[in-house]
Amino acid sequence: MSTHVPNTQSELNANPTAQLDVLGDECARTILMATSDGPKTAKELTKRTDSSSATVYRRINNLLESDLLAECVRFDSDGSHTTAYEATVEHLQVQIGAEGIDVALANAEQ
């Protein structure tokens, strides 16, 4: 069971260039794929990515700042809780034109 909590970093207006930069990283892409089917803890993501926990936390922060990931709280049956992360985007569309690059996101339901 998970409950979404406000993520202060998501109040930032994500820069399309920053979003593309984040997606250029294999670890970040793995985190996004892993969290697309439900919330995962940083520990679970570290196992999935075969990266150090420090690297995973940096990528999580980059994804949060780019509005591609949301923080939530996962409650266990014993009443304990832990922070987990869930993808906020299902589709990404990139349009390149004379005036620049535009990134359109189709967000997952939260």
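Report follows, based on the coordinates. (Residues numbered from 1 in each chain as written. Predicted model: local features only at pLDDT ≥ 70, side-chain atom pairs only at ≥ 80, totals over all residues. Heavy atoms only, no water.)

**Observations regarding a nonpolar patch on the surface**
The test is simple: Every patch collects residues that have over 30% relative accessible area and no salt bridge, joining them within 9 Å if they carry like charges and within 5 Å if they are nonpolar side chains (Val, Leu, Ile, Met, Phe, Trp, Tyr). Accessibility throughout is a Shrake-Rupley quantity obtained with a 1.4 Å probe, and a residue counts as covered only by protein chains that appear here. For salt bridges, the criterion is a side-chain nitrogen of Lys or Arg within 4 Å of an Asp or Glu carboxyl oxygen. Elements are defined by DSSP. Helices are runs of H or I of four residues or more, strands are runs of E of two residues or more, and each kind is numbered from the N terminus.
Judged by side-chain polarity, Leu92, Val94, Ile96 and Ile101 come together as a nonpolar surface patch covering roughly 370 Å² of accessible area. No other element matches strand 4 (residues 89–97), which puts three residues into the nonpolar patch. Checked against the element boundaries, Leu92 lands in strand 4.

**Concerning the nonpolar core**
For the record, the criterion: We call a set of buried residues a nonpolar core when its members are Ala, Val, Leu, Ile, Met, Phe, Trp, Tyr or Cys and they connect through side-chain atoms within 4.5 Å of each other. Only protein chains enter the accessibility calculation, which uses a 1.4 Å probe. A residue is then buried if its area is under 20% of the maximum for its type, exposed if over 50%, and partly exposed in between. Whether two residues touch is decided by their heavy atoms; if any such pair falls within 4.5 Å, the residues are in contact.
Core analysis: the largest hydrophobic core is formed by 17 residues, its most contacted members being Ile31, Leu45, Ile60, Leu63, Leu68, Leu69 and Tyr85. Those elements that place two or more of their residues in this core are helix 1 (16–23), helix 2 (26–34), helix 3 (42–49) and helix 4 (53–65). Here this core takes five residues from helix 2, the largest share from any one element. With sequence-adjacent residues up to four places away left out, Ile31 is seen in contact with Leu45, Thr49, Val56, Arg59, Ile60, Leu63 and Leu69.

**Observations regarding unusual backbone geometry**
For Asp50, which is not glycine, the phi torsion reads 55 degrees and is therefore positive. A residue is classified by how much of its surface remains accessible, and Asp50, at 73% relative accessible area, is exposed. Its identity as a non-glycine residue notwithstanding, Asp67 has a phi of 60 degrees, on the positive side. Tracing the backbone shows Asp67 in the loop between helix 4 and strand 2 (69–75).

**Some details on the pairing of strand 2**
As a reminder of what qualifies: Strands are treated as partners if at least two bridges between them are detected by DSSP.
Summarising burial for strand 2: five of the seven residues are buried, a large majority. Bridge analysis of strand 2 against strand 3 (residues 81–87) gives seven bridges, and the strand direction is antiparallel. Each residue of the ladder has a partner; that of Arg74, found in strand 3, is Thr82. Counting the residues between successive antiparallel strands, the hairpin from strand 2 to strand 3 contains five residues, one of them, Gly79, with a positive phi of roughly 95 degrees.

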